[in-house]
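Below are the chains, spelled out letter by letter.
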Amino acid sequence: MSEMTKTKRMNSYAAAKRRTNINNFIFDAIIALTLIFVVIVTVYPFWNTIAVSFNDGLDSLKGGITLWPRKFTLQNYKALFVTDYIFKAGIISFTRTILQTVLNVFCTAMLAYSLSRKEFIIRRPLTSIIVISMYVNAGLIPGYMLIKNLGMLNSYAVYIIPGLVDVFNFILVRTYINGLPNSFVESARIDGANEFKIFIKIIMPLIVPSIAMTCLFVAVNAWNSWFDTYLYCSGKKDLHSLQYVLMSFLQASQNQSNSAADANALAIAASSGAGSAMVTPVSIRASITMIATLPILVVYPFVQKYFVVGMTIGGVKE
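Residues numbered from 1 in each chain as written. Predicted model: local features only at pLDDT ≥ 70, side-chain atom pairs only at ≥ 80, totals over all residues. Heavy atoms only, no water.

> Describe the overall build of the protein, and please don't skip the residues or the numbers.
Per the secondary structure count, the protein includes 14 helices and two strands. Within the span of the protein, comprising 318 residues, buried residues form 33% of the whole. Considering only intrachain contacts with a sequence separation of at least 6, the fraction spanning at least 24 residues in the protein is 71%. For the protein, the exposed surface amounts to about 19,400 Å²; the carbon and sulfur share of it is 68%. (Helix = DSSP H or I, 4+ residues; strand = E, 2+ residues; numbered from the N terminus. Buried < 20%, exposed > 50% of the residue type's maximum accessible area, 1.4 Å probe, protein only. Contact = heavy atoms within 4.5 Å. Areas by Shrake-Rupley, 256 points an atom, 1.4 Å probe, with all protein chains shown as cover.)

Set out below in structure tokens:
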């Protein structure tokens, strides 16, 4: 009797294990299919844009391009670099991104360190004022009038000075600093270090994940920004950013897409070598999109690990 009971229990256990394995397999299959679907939905628009950017301009007007260009050509990219306009816009975007990232990260971290010191008596009122400014602002027109009165219209400084400190990044970096042991600062003070030296030599190396996360936020925002160019520098072509150029082409493409006649009228003729080819706003738009997106795709993998750590630790409430 005991042997039969033992056998039944073993068979029951084996059957339960098989059902569990089947259920796990079904669950894993559903998860895998769902993730594959999400990847396809996410990647396909980007891949389609690549295909259009390498496709003949006039052929792109027919539509129907999916994963591969029907008529492969490099003419779309050649047409972009015929003049210095794209080069200058790219240089403006690149330099403003570097300068704004470096200065913003430094000023934001320095402010966060200052307002994280408990011996700073008015740190709480100042922090409250700074945080309130993130939720309440004067509006677009007063902001424009401020920039105008400061003499920064059609000036490169308008790309840098208004963005020296970011409130959201300030909160994250300050929370990160508050999580550090105060003994580091006290030991440095005993050794005779001043506050600036403590900030540079002690604090900055300890908050690298938070700094990397802030760099990513600021760099992506600066590189993708075009509205400040539209507001403050649209009258000076030498200060147009790459994203503003992209926006202009997108707007032109949208306006001309109302009729086929407009599309043909706005097609740009470009010559290369012995032959000639036609590029259209559709193909130019895809090409500029790829050029504008590539730098972020190159930078992001290097800071991804810091991004996760910085968001996790910096997001903990004090």
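> Let's hear about the packing of aromatic side chains: which residues, and what values?
Evaluated as defined, the whole model comprises eleven aromatic pairs. Residues Tyr156 and Tyr159 carry aromatic rings whose centres are separated by 5.8 Å and whose planes lie at 90 degrees to one another, so their mutual orientation is edge-to-face. Judged by centre distance (6.1 Å) and plane angle (70 degrees), the ring pair of Trp226 and Tyr230 falls under edge-to-face. Classification of Tyr230 as partly exposed rests on a relative accessible area of 43%. Among the aromatic residues, those joined into a ring-pair cluster are Phe54, Phe72 and Tyr77. (Phe/Tyr/Trp six-rings, centres within 6.5 Å; stacked < 30°, edge-to-face > 60°.)

> Break down the packing of helix α4 (residues 85–114) against helix α7 (residues 167–178) for me, with residues and values.
Put simply, α4 and α7 touch, their axes get as near as 8 Å, and they point 50 degrees apart. Overall, the two elements α4 and α7 adopt an arrangement that is oblique. Here the hand of the crossing between α4 and α7 comes out right-handed. Counting all contacts with α4, which are made through Asn104, Thr108, Ala109, Leu111, Ala112 and Tyr113, the residues of α7 involved are Asn169, Phe170, Val173, Arg174 and Ile177. (Axes fitted to C-alpha atoms, helices over the stretch in contact; angles between N-to-C directions. Parallel < 35°, antiparallel > 145°, perpendicular 65-115°, else oblique. Left-handed = near helix turned anticlockwise from the far one by under 90°.)

> Pulling in residues and values, what's your account of the nonpolar core?
Soluble globular proteins: nonpolar side chains tend toward being buried together. One finds Tyr113, Val173, Ile177, Ile198, Ile203 and Ile207 to be the most contacted residues of the largest nonpolar core, which totals 19 residues. Elements with a contribution of two residues or more to this core: α4, α7, α8 (183–190) and α9 (195–206). The element contributing the most residues to this core is α7, with five residues. The contact partners of Val173, leaving out residues within four places of it in the chain, are Ala109, Ala112, Ile207, Ser210 and Thr214. Grouped together as the second largest cluster of nonpolar side chains are eleven residues, Trp223, Leu246, Ile284 and Ile288 included. (Core = buried A, V, L, I, M, F, W, Y, C linked by side-chain atoms within 4.5 Å.)

> Any details on a nonpolar patch on the surface? Residues and values, ideally.
Residues Leu33, Ile36, Val39, Ile40, Val43, Tyr44, Trp47, Leu67 and Trp68 make up a contiguous nonpolar surface patch of about 910 Å² in total accessible area. Within the secondary structure layout, Leu33 lies in helix α1 (residues 2–53). (Patch = residues over 30% accessible without salt bridge, like charges linked within 9 Å, V, L, I, M, F, W, Y side chains within 5 Å. Salt bridge = Lys/Arg side-chain N within 4 Å of Asp/Glu carboxyl O.)

> Give me the packing of α9 against helix α10 (residues 208–224): which residues, what numbers.
Packed helices, taken two at a time, are described by the angle between their axes plus the distance between the axes. In the contact formed by α9 and α10, the axes pass within 5 Å of each other and the chain directions differ by 75 degrees. It follows that α9 is roughly perpendicular to α10 by the angle criterion. For the pair α9 and α10, the contacting residues are Met204, Pro205 and Leu206 in the first and Val208, Pro209 and Ile211 in the second.

> Break down the environment of Ser234 for me, citing the residues and quoting the values.
Position of Ser234 among the secondary structure elements: in the loop between α11 (227–232) and α12 (242–256). Judged by its relative accessible area of 35%, Ser234 falls in the partly exposed class. For the pair formed by Ser234 and Asn154, sequence separation is 80 residues and the distance between their alpha carbons is 7.4 Å. Other than its neighbours up to four places away in sequence, Ser234 contacts Asn154, Thr229, His240 and Tyr244. Polar side-chain contacts of Ser234 include one of 3.2 Å to the backbone oxygen of Tyr230. (Polar contact = N/O pair within 3.5 Å; in protein donor to acceptor, adjacent residues only side chain to side chain.)

> So, the pattern of salt bridges: which residues are in play, and what are the values?
When the charged atoms of two side chains with opposite charge come close together, those side chains can pair. One pass over the full model with this rule turns up three salt bridges. Residue Arg96 pairs with Asp228 through a salt bridge whose shortest N-O separation is 2.8 Å. On the criterion of sequence distance, the pair formed by Arg96 in helix α4 and Asp228 in helix α11 is long-range, its members being 132 residues apart. This pair shows no difference in class: Arg96 is buried, exactly as Asp228 is. For Arg189, the salt bridge identified is with Glu119, shortest N-O distance 2.4 Å. Linking Arg189 in helix α8 with Glu119 in the loop between α4 and α5 (123–135), this pair joins segments that are 70 residues apart in sequence.

> Lay out unusual backbone geometry in plain terms, naming residues and giving numbers.
Of note in the backbone geometry, Asn154 takes a positive phi value of approximately 55 degrees without being a glycine. Mapped onto the elements, Asn154 comes out in the loop between α6 (140–149) and α7. According to the relative accessible area criterion, Asn154 is partly exposed, its value standing at 34%.

> So what's going on with the side chain of Asn104? Which residues, and what values?
Mapped onto the elements of the fold, Asn104 is located in helix α4. Residue Asn104 is classed as buried on the basis of its relative accessible area, which comes to 3%. A polar contact is formed between the side chain of Asn104 and the backbone oxygen of Gly163, at a distance of 2.6 Å. Residues within four places of Asn104 in sequence aside, it is in contact with Gly163, Leu164, Val165, Asp166, Asn169, Thr214 and Val218.

Function cannot be read off these values alone, since they describe shape.
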